[in-house]
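# Results of the structural survey
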Amino acid sequence: MTNMQLNEGLSQISLLVVYGAMAIYTFSFLAFATNLSRLASNKDETRATASGAEKFGTVMLILAGILHGVAVALRGISANRVPWANMYEFTLTGSFIVVAIYLIAMRLKDVRLIATFISGVTLLALGLATSIWYVQVKTLMPALQSYWLVIHVLVAVLATAFFNIAAAFSVVYLLRSANWLTKAKASIFGFARRVIDLFPTSDKLEKLAYRFNIIGFILWSFTLIAGAIWAERAWHRYWGWDTKEVWTFIIWTIYAGYLHANATRGWTGKRSAWLSLVGFVAILFNFTIVNLFFKGLHVYSGLK
Amino acid sequence: MVISSSRSRATETASTEAQSPAIGLLGWARWIWRQLTSMRTALILLLMLAAAAVPGSIYPQRSADPNGVTTFFDNNPDFAKILDSIQMFDVYTSAWFSAIYILLFISLIGCVIPRTFVHARNLREEPVETPTNLRRMPAFLASNASPETVRDSKQLITSAAELLRKQRYRVAVREGSNGETTVSAERGYLRETGNLVFHIALLGVLFAVGIGGGYSYNGQRVVVEGETFVNNLAGYDSFSPGAFFKPEMLTPFSMTLDKFEVQFDLQNRTNIGTPLDFRAYVTSRIQNGDGTTTDKKSVIRVNEPLELPGSHVYLTGNGYAPVITIRDKNGDIAFSGPTEYLPQDKNYTSLGVIKVPDGAGPQFGILSFFYPTQDKLTTGARTSIYPDPLDPLLSMNVYIGDLGLDSGQPKNVFELDISKMKQVAGGKSGVKGLEMVPGQTVKLPKDLGTVTFEGIKRFASLDVSYNPGGIWVLFFALLALAGVTLSLTVPRRRVWVAVRDSELQVAALARGDDPALEKIVAEISAELTGDKSKSSKESDD
């Protein structure tokens with residue numbers, strides 16, 4: 001029979017490590033923000049000091065990422081299972097994967113400029129996770145006791161991470177090609193323009209978003225199929241328009257639309273960038289609002 | 001609607017702007033067809049499909065949550081009627097949702113068929129001729145060639161062809177009208193193959209879902225420990241068949257629930273009372289072809305259905321079935337047996353209804369709560385604090401009057417209609433509600449007789465399902481996944497090599513996004529000149 005021993009002490013240590021990682025992410029975020037603002041400066045001597053801030057930020061990001069990874073591992077060990085069975089754990093693991101993918105992709109120079117966004121989003125995600133989504137370490141309910149939990153959810157986390165990074169590129173792309181911003185006269189917009197000018201060209205941004213989105217789309221398709229296989233085992237049907245299934249379908253369809261937009265005259269560029277953003281907003285909606293407020297079978301937030 | 005993945009080729013939607021003063025009926029039909037199969041229409045239909053799916057997650061759906069629909073009607077009767085008139089409770093089978101996906105699939109077919117022919121032709125054809133101006137290509141590299149090389153350009157072209165063949169390009173070496181020999185090469189035909197396979201597989205998914213759904217069925221049955229369920233229509237509490245279902249499609253088998261085991265956590269502080277495992281021990285009796293039967297013992301768990309020939313049996317719920325005997329004032333048994341109580345919370349406070357129409361006295365009904373591990377709240381109300389029967393208690397409120405069973409209308413066994421009844425025990429009746437522990441017998445009020453709480457059994461809610469389309473849906477879904485992966489990741493590119501203007505010219509053109517295009521050109525160029533370090537780069541990208 002199932003004997004599930006939880007290690008509560010270890011889960012407390014994991015939480016402390018998360019707090020530690022958050023502190024370091026804060027330094028990293030501040031350093032990257034400083035780097036951007038210095039690069040955007042009018043003065044040459046200020047710009048010359050920018051790379052120091054970037055280096056410091058990167059070192060902090062790597063350090064925070066390592067701590068973050070340790071926290072994920074400790075949470076898994078304390079629960080004696082994979083650490084993504086409720087919203088807290090999903091956010092903890094998901095944001096770690098975003099950071100990991102970013103650190104791997106950092107070899108590409110064009111990717112580096114979204115560091116501020118990555119550290120900021122991770123900090124925000126961890127803040128939400130530890131403050132309002134935190135649940136104590138628990139065993140898995142029988143419906144979740146399946147190896148599909150490992151496959152289905154892990155791939156969903158990965159897909160989300162790729163979509164997240166793509167969305168960051170799409171945001172910058174839209175700012176880059178925003179006419180109102182180019183025309184705006186206030187000095188704050190001038191600064192914003194200089195920051196945005198640091199980023200790769202519109203064309204490159206569009207391509208980067210596209211590349212991350214296609215990987216996300218393939219992974220999301222797999223998530224959908226794996227979910228259907230699991231649903232057939234656990235809920236006696238492979239598809240039943242459960243709220244979470246509906247939103248998985250909606251997201252898939254939006255990104256399918258995005259891919260078509262990239263090959264349709266008149267829909268490339270801004271429109272497809274908006275679709276990329278709409279898709280990511282749907283993912284966030286699916287993860288937060290649908291999890292917490294919609295009725296359905298995927299009630300795994302662990303919150304009351 | 002197939003992704004052409006070509007940003008530079010702007011042929012896709014050009015036809016939509018066609019206009020003509022008098023085009024006639026056939027012309028109109030052709031125009032509508034062209035509109036429908038255009039990429040832009042497909043894109044808009046896709047986005048409409050996404051938007052149309054949203055209300056199904058906001059309003060309860062009859063297919064997934066019929067009780068939710070009933071509750072919605074009770075709470076907002078007028079608004080619910082309006083919503084129902086536009087099929088908001090049946091979104092995924094509604095006329096408007098169906099219209100969108102049917103148009104989308106027609107658009108898909110209209111696009112896939114001609115593209116399949118084009119692709120089949122491309123697969124047999126040689127790569128296109130070398131353009132006259134390679135400098136215009138998105139990736140271009142010219143290396144200064146030595147005079148010998150220029151003189152012996154045929155040799156260089158031959159080795160270029162060989163190199164490209166080795167890299168699995170389809171290669172054509174042509175001699176132009178001006179006498180120059182060039183190489184054109186193309187690779188990545190799998191990109192379009194994957195694209196077409198993806199879209200055709202989606203059609204497969206649609207048909208497998210539709211046809212499989214027609215032949216499918218699923219039925220629900222609650223079985224108490226010791227009970228046997230027989231797989232025929234009468235054996236089910238509820239049953240939903242597909243459109244093509246016939247009763248003889250039910251495979252004959254029977255199944256006895258020998259024992260139902262539950263394990264709750266008593267060990268981990270943060271986790272007390274959390275279910276760890278549910279296990280239904282069953283014996284199934286399957287009929288063999290020669291008329292004999294085979295008995296098989298197995299265990300059904302939440303993620304581990306029992307696979308029987310022709311159907312799968314799933315464990316979907318469980319609860320307590322207290323064994324109760326009611327004797328009338330003469331001592332004759334008026335009601336006896338295990339009674340399923342519906343769990344109301346995670347500690348299994350359970351609600352049951354008992355109807356006694358045929359005793360010696362008047363008709364009466366009982367609303368009863370079962371507390372596996374009883375405790376009293378500060379308000380005095382009872383509750384259960386742990387889901388296992390550590391300190392079980394059964395409480396009953398008794399009602400006398402018309403049970404409403406004689407009207408001939410089917411009644412929910414889990415509901416007691418007290419509109420024509422009078423409470424005689426519990427609540428404000430002035431008589432204390434009945435309470436008993438296992439083995440205890442108590443007297444009913446108004447000389448109705450006695451109740452005995454004989455013991456506790458558990459029940460399992462089983463779901464028997466059959467969907468022959470499922471495996472085909474999976475097959476086509478995986479095919480679609482493979483197709484889309486190929487179509488998004490295999491680069492389709494054309495490469496040309498020529499010796500012109502005393503230069504070795506290498507150029508490449510990709511369909512869609514190809515991050516490696518310039519690198520490819522540089523590599524080929526370096527390989528051919530035997531120089532991996534320097535090359536004069538010239539690219540207009």
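About the criteria used
- Residues numbered from 1 in each chain as written.
- Chains lettered and ligands numbered in written order.
- Predicted model: local features only at pLDDT ≥ 70, side-chain atom pairs only at ≥ 80, totals over all residues.
- Heavy atoms only, no water.
- Helix = DSSP H or I, 4+ residues; strand = E, 2+ residues; numbered from the N terminus.
- Rg over C-alpha atoms; globule rule 2.2 N^0.38 Å.
- Buried < 20%, exposed > 50% of the residue type's maximum accessible area, 1.4 Å probe, protein only.
- Contact = heavy atoms within 4.5 Å.
- Expected span 1.5 Å × (residues − 1).
- Domains from an automatic or database assignment.
- Buried area = accessible area lost by both parts, 1.4 Å probe.
- Salt bridge = Lys/Arg side-chain N within 4 Å of Asp/Glu carboxyl O.
- Polar contact = N/O pair within 3.5 Å; in protein donor to acceptor, adjacent residues only side chain to side chain.
- Nonpolar A, V, L, I, M, F, W, Y, C, P; charged D, E, K, R; others polar.
- Phe/Tyr/Trp six-rings, centres within 6.5 Å; stacked < 30°, edge-to-face > 60°.
- Lys NZ or Arg CZ within 6 Å of the ring centre and 35° of its normal.
- Pairing = 2+ DSSP bridges.
- Axes fitted to C-alpha atoms, helices over the stretch in contact; angles between N-to-C directions.
- Patch = residues over 30% accessible without salt bridge, like charges linked within 9 Å, V, L, I, M, F, W, Y side chains within 5 Å.
- Areas by Shrake-Rupley, 256 points an atom, 1.4 Å probe, with all protein chains shown as cover.

### Comments concerning the overall build of chain B
Secondary structure summary: chain B contains 11 helices and 24 strands in total. At 37 Å, chain B has a C-alpha radius of gyration far larger than the 24 Å of a compact globule built from 541 residues. Taken along its principal axes, the extent of the C-alpha atoms in chain B is 120 × 65 × 60 Å. The burial tally for chain B puts 47% of its 541 residues in the buried class. In chain B, 62% of the contacts between residues at least 6 apart in sequence involve partners at least 24 apart.

### As for helix α10 (residues 470–489) of chain B
Its 20 residues give α10(B) an end-to-end C-alpha distance of 28 Å, which sits within 8% of 28 Å, the value for a rise of 1.5 Å per residue. Buried residues of α10(B): Gly470(B), Val473(B), Ala477(B), Ala480(B), Leu481(B), Gly483(B), Val484(B), Ser487(B) and Leu488(B), and no others. Buried residues along α10(B) sit in contact with α9 (202–234) and α10 (243–261) of chain A together with α9 (189–215) of chain B.

### Overview of the domain arrangement of chain A
Residue and element names in this part refer to chain A. Domain annotation of chain A identifies domain 1 (1–140) and domain 2 (146–304). Using C-alpha coordinates to define each centre, domain 1 is positioned 20 Å away from domain 2. Listed as interface residues are 32 residues of domain 1 and, on the opposing side, 29 residues of domain 2. Around 2,800 Å² of area is buried between domain 1 and domain 2 when both sides are counted, 82% of it from carbon and sulfur atoms. The interface formed by domain 1 and domain 2 contains zero salt bridges. Our count for the contact surface shared by domain 1 and domain 2 stands at two residue pairs in polar contact (both at pLDDT 80 or more). Elements with a minimum of two residues in the side of domain 1 that touches domain 2: α1 (8–39), α4 (87–105) and α5 (115–131). If you tally residues by element for the side of domain 1 that touches domain 2, the top one is α4, at 10 residues. For the side of domain 1 that touches domain 2, a count of residues per class yields 24 nonpolar, seven polar and one charged.

### Focus: the side chain of Ser28(A)
All names here are of chain A. Summarising the element assignment, Ser28 is placed in helix α1. The class of Ser28 is buried, set by a relative accessible area of 0%. Once you skip the residues sitting within four places of it in the chain, Ser28 turns out to touch Gly57, Met60, Leu61 and Ser119.

### Describing the packing of aromatic side chains
Note on aromatic pairs: each is described by the distance of the centres and the angle between the planes. For the structure shown, the criterion picks out 42 aromatic pairs over all chains. Plain terms: the ring middles of Trp247(A) and Phe285(A) are 4.6 Å apart, the flat faces sit at 45° to each other, and that makes the pair tilted. Of this pair, Trp247(A) sits in helix α10 while Phe285(A) sits in helix α11 (residues 270–293), and the two are 38 residues apart along the sequence. We classify Trp247(A) as buried; its relative accessible area is 7%. Taking relative accessible area as the criterion, Phe285(A) reaches 27% and is therefore assigned partly exposed. Centre to centre, the rings of Phe475(B) and Phe476(B) are 5.2 Å apart; their planes meet at 70°, and the pair counts as edge-to-face. These aromatic residues form a ring-pair network of at least three members: Tyr217(B), Phe229(B), Tyr236(B), Phe239(B), Phe245(B), Phe253(B) and Tyr466(B). The aromatic ring of Tyr169(B) is capped on one face by Arg187(B), whose charged end is 5.7 Å from the ring centroid. The lysine or arginine in question, Lys259(B), covers the ring of Tyr281(B), its NZ or CZ lying 4.7 Å from the ring centre.

### A look at the sheet that holds strand β9 (residues 293–300) of chain B
Residue and element names in this part refer to chain B. Taken in spatial order, the four strands of this open sheet run β5-β7-β8-β9, and their pairing is antiparallel. At either margin of the open sheet sits one strand with a lone partner, and together these are β5 (228–230) and β9. The average angle at which neighbouring strand axes cross in this sheet is 20°, direction not considered. As defined by bridge partners, strand β7 (residues 253–264) adjoins strand β8 (residues 275–287) across 11 bridges and the pair is classed as antiparallel.

### Description of a nonpolar patch on the surface
On the surface, Val171(A), Leu175(A), Trp180(A), Ile188(A) and Phe189(A) cluster together into a nonpolar patch covering about 450 Å² of accessible area. Only α6 (147–176) and α8 (187–197) of chain A provide two or more residues apiece to the nonpolar patch.

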